[in-house]
Amino acid sequence: MKIAEAKWAEIHVAFLFAILMGLLSSCSTNTSDAPSNIRPNNPSTPIEVSEDFKKKDNSVLKENHGKDDDMDLTKIESIQELNEQSTLSHQLEGKGIRAIVIDIGDFSFDALIAGPSSGEPIMLLHGFPNTNYQWREQIVALAEAGFSVIAPNQRGYSSGARPTGIESYTSEKLVEDVRQIADALHWESFHLAGHDWGAFIAWEFAGKYPDRLRSLIPISVPHPEAFAIALADPNGIQAQMSSYVEFFQQAESTSTFLDDSASLLKSIYESAGLSTKEMEPYLQVIGKTEALDAALNWYRANSFSPSLDQATNRRSNTPDIETPTMYIWSTEDTALGRQGAELTSSFVSGEYRYEVFEGVNHWITEIAAEQLNTVMLDFLIEKVKSVD
């Protein structure tokens with residue numbers, strides 16, 4: 001099955017949401033709690049950030065809020081310097097971002113970190129077909145404001161965490177990966193942000209582990225129940241917007257993305273306004289058959305559009321969210337409609353803030369990086385102040 005590039009640029013994100021949106025009936029998983037090791041790939045360099053991102057009141061972030069000195073990487077585990085040079089390391093040079101590897105049981109997760117180890121902890125989860133590189137602008141802004149930031153490459157995207165078998169990519173396993181990464185960092189509680197698939201996993205994590213989160217920032221993807229309602233509405237447009245999920249689930253979708261020098265995959269990055277040079281770090285990871293196939297297994301491992309549960313009167317298993325939440329949606333997202341976005345408030349029982357980015361498409365972290373940095377910092381610093 002082939003999809004024209006121009007058409008794909010408008011609808012590709014729908015695929016991920018349709019399968020993501022809490023409509024998942026995934027099987028449970030047992031994950032290892034083996035001790036972790038964290039190894040830096042590259043030495044850090046001073047953070048360089050625009051004055052626009054500097055916050056005069058970031059002194060509130062100096063408090064540790066329950067963390068101990070073990071959060072310092074050098075005190076968690078032994079650190080092995082790796083002098084590998086890559087397209088990613090060249091793109092991030094001079095930004096104060098370090099590339100590390102976190103060993104958890106049999107898996108090794110690549111990750112980007114920045115900011116003071118004693119700062120407020122925040123984890124950033126990427127979507128499809130992105131990697132942690134999509135957060136580069138937010139990592140710098142958050143670190144400059146005093147946050148301790150980590151952005152992992154998730155299961156399938158990290159070469160050392162790429163199990164075989166579709167069943168290895170259920171949403172529950174993806175949620176447990178987040179928990180184990182936080183445990184490895186000795187983060188008893190933390191802020192969590194996610195975009196696209198990362199937003200879905202963030203919603204799921206907040207539903208399962210509310211006591212672990214200080215705040216939640218899902219971007220683009222609405223609450224799973226809100227999305228399920230919109231998707232099932234015969235008078236709505238979400239089903240049409242999400243009609244290409246079936247393609248992602250097909251075995252041949254991997255080769256289709258990579259045919260003709262990965263022209264279809266590259267067209268997605270072009271829709272995010274990326275130059276050939278800027279998309280190279282993505283292609284270096286997900287432009288390989290084994291990595292892209294693993295990423296698409298996120299869709300294949302999870303069922304689509306379950307029926308209404310008469311006992312609970314819900315379609316998803318995601319509960320209402322207690323965590324203080326800021327949900328961000330953009331008006332030009334051709335895969336995620338307004339209906340699900342506006343229904344989300346009904347499924348957040350805690351403090352809720354809804355931000356709409358006018359005239360912005362799905363790729364918010366890159367298309368509207370400065371605007372996103374501003375609202376994230378405003379929300380996060382407010383949450384930190386409220387704790388004080």
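Everything numeric here is computed off the predicted structure, so don't read it as measured data.

Criteria and cut-off values
- Residues numbered from 1 in each chain as written.
- Predicted model: local features only at pLDDT ≥ 70, side-chain atom pairs only at ≥ 80, totals over all residues.
- Heavy atoms only, no water.
- Helix = DSSP H or I, 4+ residues; strand = E, 2+ residues; numbered from the N terminus.
- Buried < 20%, exposed > 50% of the residue type's maximum accessible area, 1.4 Å probe, protein only.
- Areas by Shrake-Rupley, 256 points an atom, 1.4 Å probe, with all protein chains shown as cover.
- pLDDT = per-residue confidence, 0-100.
- Contact = heavy atoms within 4.5 Å.
- Pairing = 2+ DSSP bridges.
- Right-handed = clockwise from strand over helix to strand, strands pointing away.
- Expected span 1.5 Å × (residues − 1).
- Salt bridge = Lys/Arg side-chain N within 4 Å of Asp/Glu carboxyl O.
- Core = buried A, V, L, I, M, F, W, Y, C linked by side-chain atoms within 4.5 Å.
- Axes fitted to C-alpha atoms, helices over the stretch in contact; angles between N-to-C directions.
- Parallel < 35°, antiparallel > 145°, perpendicular 65-115°, else oblique.
- Nonpolar A, V, L, I, M, F, W, Y, C, P; charged D, E, K, R; others polar.
- Left-handed = near helix turned anticlockwise from the far one by under 90°.
- Phe/Tyr/Trp six-rings, centres within 6.5 Å; stacked < 30°, edge-to-face > 60°.
- Lys NZ or Arg CZ within 6 Å of the ring centre and 35° of its normal.

**Some remarks on the overall build of the chain**
Counting its secondary structure elements, the chain contains 15 helices and nine strands. Each of the 388 residues in the chain was classed as buried or not, and the buried ones make up 59%. Surface summary for the chain: the accessible area is close to 15000 Å², and the carbon and sulfur share equals 45%.

**A word on the confidence of the model for the chain**
Here the chain averages 83 in pLDDT, and 77% of its residues register 70 or above. This model gives residues 42–60 a pLDDT under 50, and the stretch forms 47 contacts once residues within four places in sequence are excluded. Between residues 78–83, whose pLDDT stays under 50, and residues either more than four places distant or in other chains, the model counts 14 contacts.

**Thoughts on the pairing of strand E5 (residues 147–152)**
A large share of E5 lies buried, amounting to six of its six residues. Of the two faces of E5, both are covered, the one formed by Phe147, Val149 and Ala151 as well as the one formed by Ser148, Ile150 and Pro152. As paired elements, strand E3 (residues 107–114) and E5 share four bridges and run antiparallel to each other. Among the inter-strand pairings, Ile113 is bridged to a residue of E5, identified as Ile150. Note that the unit made of strand E4 (residues 120–125), helix H4 (residues 136–144) and E5 has a crossover that is right-handed.

**Describing helix H5 (residues 171–184)**
In this model H5 runs 20 Å from its N-terminal to its C-terminal C-alpha over 14 residues, within 8% of the 20 Å that 1.5 Å per residue would give. Of all 14 residues that make up H5, twelve are buried, and the element is covered over most of its length. Residues of H5 that are buried include every one of Ser171, Lys173, Leu174, Val175, Glu176, Asp177, Val178, Arg179, Gln180, Ile181, Ala182 and Ala184, and no others. A positive phi of about 65 degrees marks His186, the residue just after H5.

**Remarks on unusual backbone geometry**
Put simply, Phe128 and Pro129 share a cis peptide bond, and its omega is 0 degrees. Relative to the helices and strands, Pro129 resides in the loop between E4 and H4. The phi dihedral of Ser220 is positive, around 80 degrees, even though this residue is not glycine. Here Ser220 is to be found in the loop between strand E7 (213–219) and helix H7 (224–232).

**A look at the pattern of salt bridges**
The final tally for this structure, using the stated rule, is 15 salt bridges. In this structure, Lys383 engages Glu382 in a salt bridge whose closest nitrogen and oxygen atoms are separated by 3.9 Å. We classify Lys383 as buried; its relative accessible area is 5%. Among the ionic contacts, a cluster of salt bridges with common partners joins Glu176, Arg179, Asp183, Lys208 and Arg212.

**Points about the nonpolar core**
Formed by 103 residues in total, the largest nonpolar core has its most connected members in Met123, Leu124, Phe128, Phe147 and Phe257. In this view, Leu124 contacts Trp135, Ile139, Leu142, Val149, Ile150, Ala151, Pro152, Ala193 and Met376; residues no more than four positions away in its chain are not counted.

**Concerning the side chain of Gln154**
By the element assignment, Gln154 lies in the loop between E5 and H5. According to the relative accessible area criterion, Gln154 is buried, its value standing at 5%. Excluding anything up to four places from it in sequence, Gln154 contacts Phe109, Leu125, His126 and Trp298.

**So, the packing of H5 against helix H6 (residues 197–208)**
Following both chains from N to C, one finds H5 and H6 inclined at 75 degrees, their axes separated by 9 Å at the closest point. Relative to H6, the element H5 is oriented roughly perpendicular. Contact residues: Ser171, Leu174, Val175, Glu176, Val178 and Arg179 in H5; Phe200, Ile201, Glu204, Phe205 and Lys208 in H6. A breakdown of the residues in the contact of H5 with H6 according to their chemical character gives six nonpolar, one polar and four charged.

**With respect to the packing of helix H10 (residues 253–271) against helix H11 (residues 276–286)**
Two elements in contact, H10 and H11, have axes separated by 11 Å at closest approach and are oriented at 130 degrees. Classed by the angle they form, the pair H10 and H11 counts as oblique. Our pair here, H10 against H11, has a crossing hand that is right-handed. Taken together, the residues of H11 that come into contact with H10 (itself represented by Leu258, Leu265, Lys266, Tyr269 and Glu270) are Met279, Tyr282, Leu283 and Ile286. Tallied by class, the residues present in the contact of H10 with H11 amount to seven nonpolar, no polar and two charged.

**Some words on helix H12 (residues 289–300)**
The end-to-end C-alpha distance of H12 is 16 Å, a good match for the 16 Å that twelve residues give at a rise of 1.5 Å each. For H12, a buried count of nine out of twelve residues is recorded, marking the element as mostly surrounded by other parts of the structure. Of the residues making up H12, those classed as buried are Ala291, Leu292, Ala294, Ala295, Leu296, Asn297, Trp298, Tyr299 and Arg300.

**As for the packing of aromatic side chains**
According to the stated counting rule, one finds 19 aromatic pairs in the structure shown. A ring pair is formed by Phe107 and Phe109, whose centres lie 6.1 Å apart and whose planes are at 85 degrees; its orientation type is edge-to-face. Note on accessibility: Phe107 and Phe109 belong to one class, buried. Members of the aromatic cluster, joined through ring pairs, are Phe128, Tyr157, Trp197, Phe200, Phe247, Phe248, Phe257, Trp298 and Tyr299. Above the ring of Tyr133, the side-chain terminus of Arg136 is found at 3.9 Å from the ring centroid.

**Focus on the environment of Ala193**
Assignment of secondary structure puts Ala193 in strand E6 (residues 190–195). Separated by 26 residues in the primary sequence, Ala193 and Ile219 place their C-alpha atoms 7.5 Å from one another. Beyond its immediate sequence surroundings of up to four residues, Ala193 is in contact with Met123, Leu124, Leu125, Trp135, Ile217 and Met376.

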